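# Fold and contact review
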Amino acid sequence: MCHGRGLQNGSPGENFLLKCRALAKVRSTICPSLVSGIGDLVSTPDWLVLVVERHQAFHVIGSAEEALDMLFANWPTASGAAFVLAMETCAGTATGTVTQDEAQLSFLAAALDAKVEFRFA
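I will try to describe carefully the structure that is included in this document.

A separate point is the nonpolar core. Of all hydrophobic cores here, the largest spans 22 residues; its most connected members are Trp47, Val52, Ile61, Leu71, Trp75, Cys90 and Phe107. Elements with a contribution of two residues or more to this core: strand S1 (50-54), helix H3 (64-73), helix H4 (81-95) and helix H5 (100-114). The dominant element in this core, judged by the number of residues it contributes, is H5, at six residues. Discounting residues that sit within four places of it in the chain, Leu71 has contacts with Phe83, Ala86, Met87, Cys90 and Phe107.

Following this line, the structure appears as structure tokens:
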């Protein structure tokens, strides 16, 4: 549903999202435990657990709801196409108009755009 919203075909953001989707498919094929959870870090289906570093603290993000909380409360910028798209897609999972996978890809694009450090758990 959100594919391409705010991004033009062939743009760097669109290309990044396509690469992330391919990576997510490969990771879920090679290591299904990354999709369902790792130890006590359980994520929603299609959401790979992320550890985000902000203000010398680490935050575990395991769902679009947690990502939306981070975008609202602890993000270095409140503007820009990547940030707005991440807010829209993370909120869209609550109504079912956007998948968890699409929300995560948008969140990752916003993190890269804002130079927020993260890693997959």
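On the secondary structure map, Glu117 appears in strand S3 (residues 117-120). A relative accessible area of 54% places Glu117 in the exposed class. C-alpha of Glu117 to C-alpha of Arg54: the two residues are 63 residues apart in sequence and 7.5 Å apart in space. Contact partners of Glu117, with chain neighbours within four places excluded, come to Val51, Val52 and Glu53.

To continue, consider the pairing of strand S2 (residues 57-61). Pairing of S1 with S2, which is carried by five bridges, proceeds in the antiparallel orientation. Along S2, the bridge assignment pairs Glu53 with Phe58. If you look at the hairpin formed by S1 and S2, you'll find two residues sitting between the two strands, and His55 has a positive phi there, around 50 degrees.

Turning next to the environment of Ile61. Of note, Ile61 is situated in strand S2. Accessibility expressed as a relative area gives 3% for Ile61, which makes it buried. Sequence separation between Ile61 and Leu48 is 13 residues; the distance between their C-alpha atoms is 8.6 Å. For Ile61, the residues in contact, after removing those within four places along its chain, are Trp47, Leu48, Val49, Leu50, Val52, Glu66, Ala67 and Met70.

Conventions adopted
Residues numbered from 1 in each chain as written. Predicted model: local features only at pLDDT ≥ 70, side-chain atom pairs only at ≥ 80, totals over all residues. Heavy atoms only, no water. Core = buried A, V, L, I, M, F, W, Y, C linked by side-chain atoms within 4.5 Å. Buried < 20%, exposed > 50% of the residue type's maximum accessible area, 1.4 Å probe, protein only. Helix = DSSP H or I, 4+ residues; strand = E, 2+ residues; numbered from the N terminus. Contact = heavy atoms within 4.5 Å. Pairing = 2+ DSSP bridges.

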